Every structure is written in C-alpha cells, then in structure tokens.
Amino acid sequence: MIEFSEDEEIQTYLDEWVPFRIKELKEPVPREQEEARPARLVRLRPAGFPLRDIQKVYPINVTNDRLFEVYAREQWMGATIRKGDFLFDSRAMPDFAFEVVKVLPPGEVSITEETVVSLEKAEAQRPLWMGTSYSFADIIGHQEVKDKCALVIRYLKDPESFGEWAPRNILFYGPPGTGKTMTAKALAKETDSTLFLIRATDLIGEFVGDGAKRIHDLYQSALDTSPAIIFIDELDAVGLDRAFQSLRGDVSEVVNSLLSELDGIKENKGVVTIAATNNVGILDQALRSRFEEEMEFKLPDKKERLELLRHYIGKLPLKVSAGLGKYVAATEGFSGRDIKDKLLKTALHRALLDDAGEITEEHLDAALKQMPKGTQPPKEMFS
Ligand SMILES: Nc1ncnc2c1ncn2[C@@H]1O[C@H](COP(=O)(O)OP(=O)(O)OP(=O)(O)O)[C@@H](O)[C@H]1O
Ligand SMILES: [Mg+2]
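Residues numbered from 1 in each chain as written. Chains lettered and ligands numbered in written order. Predicted model: local features only at pLDDT ≥ 70, side-chain atom pairs only at ≥ 80, totals over all residues.

S.K.: Go over the sheet that holds strand 2 (residues 41-48), please, and point to the residues and values.
M.R.: Strand order in the open sheet formed by 4 strands is 4-5-2-7, with mixed pairing between adjacent strands. Strands at the two margins of the open sheet, each flanked by one partner only, are strand 4 (86-88) and strand 7 (116-119). Each strand axis lies, on average, 35 degrees off the axis of its neighbour in the sheet, ignoring direction. Pairing geometry for strand 2 and strand 7, over 4 bridges, is parallel. Bridge assignment links Val42 to a residue of strand 7, and that residue is Val117. The strands touched by helix 3 (residues 65-76) are strand 4 and strand 7; relative to strand 7, the strand with the most contacts, the crossing angle is about 120 degrees. (Pairing = 2+ DSSP bridges. Helix = DSSP H or I, 4+ residues; strand = E, 2+ residues; numbered from the N terminus. Axes fitted to C-alpha atoms, helices over the stretch in contact; angles between N-to-C directions. Contact = placed C-beta atoms within 7 Å.)

S.K.: Summarise the site of ligand 1; cite the residues concerned and give the values.
M.R.: Near ligand 1, the surroundings consist of 20 residues, among which Pro176, Gly179, Lys180, Met182 and Gly336 are the closest. Secondary-structure elements contributing two or more residues to the shell around ligand 1 are helix 5 (180-191) and helix 12 (336-353). Of the residues that constitute the shell around ligand 1, the class distribution is 6 nonpolar, 9 polar and 5 charged. Each of domain 2 (136-296) and domain 3 (302-381) accounts for three or more of the residues forming the shell around ligand 1. (Near = placed C-beta within 6 Å. Nonpolar A, V, L, I, M, F, W, Y, C, P; charged D, E, K, R; others polar. Domains from an automatic or database assignment.)

S.K.: Describe the environment of Tyr155, with residues and values.
M.R.: With respect to the helices and strands, Tyr155 occurs in helix 4 (residues 143-157). The class of Tyr155 is buried, set by 22 C-beta atoms lying within 10 Å. The spacing of Tyr155 and Val271 is 116 residues in sequence and 9.4 Å in space, taken between C-alpha atoms. Excluding residues that lie within four positions of it along the chain, Tyr155 makes contacts with Phe162, Ala166 and Pro167. (Buried ≥ 20, exposed ≤ 12 C-beta atoms within 10 Å, placed from the backbone.)

S.K.: I'd like to hear about the confidence of the model for the protein, residue by residue, with values.
M.R.: For any part of a model where pLDDT is low, the fine detail of the predicted coordinates should not be relied upon. Looking at the protein as a whole, the pLDDT averages 80, with 77% of positions reaching at least 70. No element of the protein has a lower mean pLDDT than helix 2 (residues 31-34), which averages 52, and none a higher one than helix 10 (residues 302-313), which averages 96. Here residues 1-5 scores under 50 on pLDDT; set against residues more than four positions off or in separate chains, the count is 2 contacts. Segment residues 122-132: pLDDT under 50, and 20 contacts once partners within four positions in sequence are set aside and those in other chains are kept. (pLDDT = per-residue confidence, 0-100.)

S.K.: Quick one: what's the story with the nonpolar core, residue by residue and with numbers?
M.R.: Counting 45 residues, the largest nonpolar core has Ile170, Phe172, Phe196, Ile229, Ile230, Phe231 and Ile274 as the members making the most contacts within it. Of all the elements in the fold, those that place two or more residues in this core are helix 4, strand 8 (169-173), helix 5, strand 9 (194-199), helix 6 (210-224), strand 10 (228-233), helix 8 (252-264) and strand 11 (271-277). Residues Leu309, Tyr327, Ile339 and Leu364 belong to the second largest nonpolar core, which totals 16 residues. (Core = buried A, V, L, I, M, F, W, Y, C linked by C-beta atoms within 7 Å.)

Listed below in structure tokens is the structure:
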C-alpha cells in the first residue's frame, strides 16, 4: 500500500503511472500481442555495433544467402520481435546489431523453423568509403605507386593464392595533399574491400590497456570483414623515433601492440595494413622495418600539375577562360590538394562573388595572392 506524502517520486507515481495502469486494465492488451504469431518472413538490415566508436564502417559480407538464413534462424529461434526491434549477433560478430525492417505477418511475431530470414540488399550495406570514393583512374601521376599497388590488388582479390608471400604492411609517405588517403580509398574500391580509416592518435586509449585493446579489436573486425584494408593515418603521431618520443608522451603501448598485430596477421587472410605519414624520417625504426614496402608520394611535376589543373577544371561548375601555362609554372611546389582547393576552389568562389559567368585570370591570380606568405609564387608571375 502506498502512503501519501509530498514526496515527489510518489506524486509522479500517482499522477502518471496509476492512471496509465487503470487505462491498461480497462483496455486489455489485444490477444495477438500476448501471443506472437509465427513469422513467415523477417527482413534484417545491418545496423552496426552499439558502442564501438572508432571511425569505421561495418559492412556485412554475406556471400551465401541460404547460409545466412540458417545461421540467423538458428541463433534467434523463438525470439519475439516486431518491426523496428534489434537483434544482436552473438556468434561471428558478437553484439553486432540487425534492425528488423519488415515482418510478415505484420505485428508481433516469433521466429520459428519455418521463418524465412533475409538480409536487406541495399547499396548502404555494401562497403562504404569515407567521403567520396575514388578510383585509380582519378589519381594523377604516381605511376610507381600504381604499379606497386597492382600486386596488392591481386592479393586482396585472391588472398589464398599468395601463401606466405602476401603483401601485408605498406607505408605511404610524402607531403600533405599528395593523394595518400585517396589511393587507399581507390584500392578499397578497386578490390571491394572494407576500408578502416583511422588516425593513429585514435588508437591511444585513456587508460593503460585501452590502446592495446582498440588495436586488437580493430584487427579482429578487419579479419571478420576481409578482404580489408586498415589505413592508419598520421602514423608518426604515435610511431615516433624513441629520440622524439618524450615530445608526445608514452605511446609505447600503442606501438608495441601495433607491432604485434602487424607481425601476427596470417598471410592468407586478406588483410592489408597501410600506414601513412608526412615524416618518414622521424619514425621509430622498429616500426618502420615492419613495412615490407614503402611507397613515396611526391609533389606533382610540371606535366602532372597541368594534368591536375585540367582534371579539376573539368569538374568546376564554371568555365575557366585563362591560359593554363602560367598556372602550371605558378603552382610549383603545390600538392594536388593545393591546386584543387587553394587555387581552383578559391578562384571559383571569387568568380561566384563577382557574379561572373566564368573564372578568369583575375580570379586565379587573386587566389594565388591570397595564399599564406611563403607559399606564394614569385611576384614576377603577376605582370
Ligand atoms: N595525384 C592526385 N591526383 C588527383 N587528385 C589529387 C592528387 N593528389 C591530391 N589530390 C586531391 O587532393 C585531395 C587530398 O588528397 P589526399 O587526402 O589523398 O592527400 P594525403 O596525401 O592523404 O594528404 P595528408 O598527408 O594531408 O593526409 C584529394 O582528395 C584529391 O582531390
Ligand atoms: Mg591523408
């Protein structure tokens, strides 16, 4: 029995819960909801993990629908569900959630031996790439990198065929904006691999042991969804040479776990680690030596800058009416990103502000002049 008092909690009980209970008693729950009907069909959509937060996507690679159906039915047999509920995997990918997007008959149903379980085949559940997805055709220059990548592509497409000679750990190095991340995305796209894009600093945990666990989980997820590429950006942020490590505090836990994972992945599992850095020289030697292949991303030469200009001008929403020769010269030392963002994008914005129907030399010159001091091309470029 409830004692009346001014206590807030009890008041809430009286105000909200009691009337609700009375209503519920007056209007009994319909019978069909008490006893779920056997489901004829259950359609699921992969929904990801409830807690894991590392920047990554969790595509599900189901190659055999029949097999998935048997697997799903067996593990969720007897479960009572309705549209909008979640089912959690407890076997291959513990805690991975599937959202129930459709059930037949509609309403509350239970999964039986007769239930057809299907996985939604949406574009969204295919491997995703962060941002725009690139293909190799979009990468200008870097012929040597592309040649070397051909082997990685062959491996990811058919991991079994390489045995112990599989390429596993690759280091991309070179100045910012030269296409390292882009190349990793293109590789993933070309080989239909899952791409785990992470920054090395994301691997550092708050407490001792966190980092090691994150790295282990990362490699486990990659194995579960192979073929997969783990792209670790800004490796130098954790993999500094010991002489520099005091600058960044103790990251040896991360480096050591990374080393053991790099060593431990089995050759024929279709997982490739690509790490990227702008500063190859300051990397810890033990870490660097784990990468069997290093690929250099150089700044574009004259011919490549022309190609970059042409390529991105072709994608601009406004026409460019200016000779390109001058800008090929003026962009010496620019990366692909600089050409695209600092020159072309800024010029486009100026043209738009001017309400000009096209981008002229004036807009391009203004964009160059706007660049931070020290990165500007020499004055004599502008007559
Ligand atoms: N070789 C290239 N061909 C075509 N586009 C390029 C090239 N290099 C850079 N770009 C353009 O610049 C953008 C930035 O490149 P990306 O992010 O791959 O550089 P990055 O080498 O990873 O740089 P960072 O070291 O700063 O991470 C790309 O998305 C692309 O639009
Ligand atoms: Mg990058």
